[in-house]
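# Structural overview
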Amino acid sequence: MSKLIYLLFVLHLLFLAYLNNLYLAGVPVRSLLILFIGLLVVVQQPQLLMQLGLPNRVYGLLMLVGLLISLLNEVSLSDIISGELKLLQSYLVVLVSYFIVSNLGFKYLAGAFLLLVLPSALIGILQALDVNKAWLLHDLLMALQNKVISVEIQAQMQEALSRPPGLALYAIPQTYMLLSALIFSSYWVLSAQLKTRDQWLLLAVNIILVGGIFASETRSAMGAALFTLLAIYIWRFRSTVVMLSGLLVALGAVVYLIQTGDAALESRLMSLDDQSAQGRKTLYKYGVDLFLQHPLGYGFGFDTVEYATNFFINAQNIFSYGPEEKAQYIVPVHNALLNLVHAFGVGGLALFTYYLYRLLDGYWYRYVFLCGALMNSVFHNAGILAGDLFIDMVIAAFLYESRLKHQIRLNASTQVVPECPKPPAPRSD
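Residues numbered from 1 in each chain as written. Predicted model: local features only at pLDDT ≥ 70, side-chain atom pairs only at ≥ 80, totals over all residues. Heavy atoms only, no water.

### Quick word on the overall build of the protein chain
Test applied: Strands here are runs of E lasting at least two residues and helices are runs of H or I lasting at least four, both read from the DSSP assignment and numbered beginning at the N terminus. Three exposure classes are used, based on accessible area relative to the maximum for each residue type with a 1.4 Å probe and protein chains only: buried under 20%, partly exposed in between, and exposed over 50%. Here a residue-residue contact requires only that any non-hydrogen atoms of the pair lie within 4.5 Å. Throughout, the Shrake-Rupley method with a 1.4 Å probe supplies accessible areas, and for residues the shown protein chains are the sole cover considered.
Per the secondary structure count, the protein chain includes 18 helices and two strands. Taken across its 429 residues, the protein chain has 51% of its residues classed as buried. Sequence separation of at least 24 residues holds for 79% of the intrachain contacts in the protein chain that already meet a minimum separation of 6. For the protein chain, the accessible area works out to roughly 19900 Å², and carbon and sulfur atoms hold 68% of it.

What follows is the structure in structure tokens.
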């Protein structure tokens, strides 16, 4: 049964990564799959639910807070159900990923993730090099998906639509996926048991992943990727060679981008004065404004774009806005944390802070991983507890590693030799 659950989860990951917009009876196929797989896990190993104390508390309270705030704000029943199901889906991704790591091992989860997303990174690099067949592959995947892209997603895609998406729906989901893959590969880089040959292989994998991220032209993801890898490699090898190599690669990338003569690309990467960056300043100001006006939250399904017209007509704003600042009427706030507090208010912010604190659990490299994830998500709409299902798989590995650490401490205090596998980080497999 464990292998069956694993294979179904890999299928779910395939749909999540590449066929995200494929629907059956009005529901994403990926969502139907994770609901079914989650049910199998509960039936197969119900005791596993007791091991997930942290996500049980956080998701349970978040669902309750979201329900109460939504009822107070007279949110429609359909929006409440949709919001609760999104939280449930995120929880089930954590649950099933945890099941795989605890029953089969870290290598099964991380290995499948890396093998599935590497092709998208490679295709993204080829798209950036204007290889026509790479774009045709993306068009083929888009043609297979039967759900018309929503107005909300179209608004988010306006600025990212022409950027290399690999095999993902568009450039932003590509970066979420590749950043989570970097965390999984970094776990293996930290292993003291890996042979030199394996470390070189991982370096090649990481270069491809970073290349896919740079090809997407997503500045926040580029910074997160470089921060994560430099921190991990410098700590792991403590060598000036690594730092010098990283500097040479970065300089080479800059020289290449300048020599391409692509003025739009050069402006996007080298300047913060483009339309996207300027619009975000307005969006963040508006997002903070919304939170300060209603710190208890607005409930599920809150749309900052739909709310903007009434908000400004009635002059509710605290901050001042110039006549040229119109981004708030066009796109959402592009900040996962603001999206969270808009829906759940200060209660959601408190739960988010508690969740992050407990996830760190004293592991220095988790500070690096989570900081990298946050560096990207505060510039986009998905994140931890806010719809980034890729990072939920990473979090499952965190939870299993923490459980093993606490088991070892407990067994040591009772002078019993622990009969459990090693945590994911130092494992060679």
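That was the structure; now back to the text.
### Looking at helix α10 (residues 196–215)
We apply this condition: Given the number of residues in a helix, its expected span is that number minus one, multiplied by 1.5 Å.
Taking 1.5 Å of rise per residue, 20 residues should cover 28 Å, and α10 covers 28 Å from first to last C-alpha, within 8% of that figure. Packing partners of the buried residues in α10 comprise α6 (106–128), α9 (171–189) and α11 (219–237). One or two residues past the end of α10 sits E217, with phi positive at roughly 60°.

### Comments concerning the packing of helix α1 (residues 2–18) against α6
Let me state the cut-off plainly: Convention adopted: a line fitted to C-alpha atoms gives each axis, helices being fitted over their contacting stretch, and angles between N-to-C directions are expressed from 0 to 180 degrees. Note on terminology: angles under 35 degrees are roughly parallel, angles over 145 are roughly antiparallel, angles of 65 to 115 are roughly perpendicular, and the others are oblique. By the definition used in this description, the sense in which the near helix is turned from the far one sets the handedness, with an anticlockwise turn below a right angle giving left-handed and a clockwise turn giving right-handed. In this count, Pro and Cys sit with the nonpolar residues alongside Ala, Val, Leu, Ile, Met, Phe, Trp and Tyr, while Asp, Glu, Lys and Arg are called charged and the others, Gly among them, polar.
As a packed pair, α1 and α6 sit with axes 11 Å apart at the nearest point and diverge in direction by 30°. Judged by the inter-axis angle, α1 sits roughly parallel to α6. Remark: the crossing between α1 and α6 carries right-handed chirality. Together, K3, Y6, F9, V10, L13, L14 and Y18 of α1 and Y108, L109, A112, F113, L116, V117, P119 and S120 of α6 make up the contact between the two elements. Across the contact of α1 with α6, the residue classes break down as 13 nonpolar, one polar and one charged.

### Some points on the nonpolar core
It is characteristic of soluble globular proteins that their nonpolar side chains tend to be buried jointly. Put simply, the rule is: To form a nonpolar core, buried Ala, Val, Leu, Ile, Met, Phe, Trp, Tyr and Cys residues must be joined to one another through side-chain atoms within 4.5 Å.
Formed by 111 residues in total, the largest nonpolar core has its most connected members in F184, L209, Y355, I384 and L385. L290, F291, A308 and V333 belong to the second-largest nonpolar core, a separate cluster that totals 11 residues.

### Focus: the side chain of Q174
Our working definition: Throughout this description, a polar contact denotes any pair of N or O atoms lying within 3.5 Å of each other; where both atoms belong to protein, one of them has to be capable of donating a hydrogen while the other can accept it, and for residues adjacent in sequence the pair is counted only when both atoms sit in side chains.
By the secondary structure assignment, Q174 is in helix α9. Of note is the side chain of Q174, whose polar atom sits 2.5 Å from the side chain of S120.

### Notes on the pattern of salt bridges
Note the threshold: Here, a salt bridge means any side-chain nitrogen of Lys or Arg that lies within 4 Å of a carboxyl oxygen of Asp or Glu.
Throughout the structure, instances matching the rule amount to three salt bridges. Between D198 and R197 there is a salt bridge, with the nearest N and O atoms lying 3.8 Å from each other. Classification of D198 as partly exposed rests on a relative accessible area of 24%. A residue is classified by how much of its surface remains accessible, and R197, at 61% relative accessible area, is exposed.

### Comments concerning unusual backbone geometry
Negative phi values dominate among residues other than glycine, just as trans dominates among peptide bonds. Positive phi, close to 55°, is recorded for A25, a residue that is not glycine. Locating A25 in the fold gives a position in the loop between β1 (23–24) and β2 (27–28).

### Some points on the environment of A112
If you trace the backbone, A112 turns up in helix α6. Excluding residues within four positions of it along the chain, A112 makes contact with Y6, V10, L13 and K107.

### What to know about the packing of aromatic side chains
Quick note on the threshold: To pair, rings of Phe, Tyr and Trp, with the six-membered ring standing in for Trp, must have centres within 6.5 Å; the planes then decide the type, stacked if under 30 degrees apart, edge-to-face if over 60, and tilted in the middle. Criterion for a charge above a ring: Lys NZ or Arg CZ within 6 Å of the ring centre, and within 35 degrees of the ring normal.
Applying the stated rule across the entire model yields 25 aromatic pairs. The interplanar angle of 80° and the centroid separation of 5.7 Å between the aromatic rings of W364 and Y365 together place this pair among those described as edge-to-face. With a relative accessible area of 8%, Y365 lands in the buried category. Ring centres of Y365 and F369 lie 5.9 Å apart, and the angle between their planes is 55°; this geometry places the pair in the tilted category. Of the two residues, Y365 and F369 are both situated in helix α17 (residues 364–377); the distance of four residues between them amounts to about one turn of the helix. One aromatic cluster is present, formed by F106, F113, F184, Y187, W188, W235, Y363, W364, Y365, F369, F390 and F398 through successive ring pairs. When the ring centre of F237 is taken as origin, the NZ or CZ atom of R236, which lies over that ring, is 5.0 Å away.

### Re the environment of P165
Mapped onto the fold, P165 is located in the loop between α8 (151–157) and α9. For P165, a relative accessible area of 1% gives the class buried. For P165 and S120, which are 45 residues apart along the polypeptide, the C-alpha to C-alpha distance reads 8.0 Å. Discounting chain neighbours no more than four positions away, the residues touching P165 are S120, Q127, W135, H138, Y170, A171 and Q174.

### Observations concerning a nonpolar patch on the surface
How we decide: A residue counts toward a patch only above 30% relative accessible area and without a salt bridge, and it is joined to like-charged neighbours within 9 Å or, for Val, Leu, Ile, Met, Phe, Trp and Tyr, to nonpolar neighbours within 5 Å.
There is a patch of nonpolar side chains on the surface, built from L61, L64, L67, L68 and L71 and spanning about 440 Å² of accessible area. Looking at the element boundaries, L67 is found in helix α4 (residues 53–72).

### Overview of the confidence of the model for the protein chain
Note the threshold: Values of pLDDT, the confidence the predictor places in each residue, fall between 0 and 100.
The predicted model of the protein chain averages 84 in pLDDT, with 83% of residues at 70 or higher. Long-range and interchain partners of residues 257–274, a stretch whose pLDDT sits below 50, account for 24 contacts in this model, where long-range means more than four residues apart. For residues 425–429, every residue scores under 50 in pLDDT, and the model assigns this stretch 19 contacts once sequence neighbours within four places are set aside.

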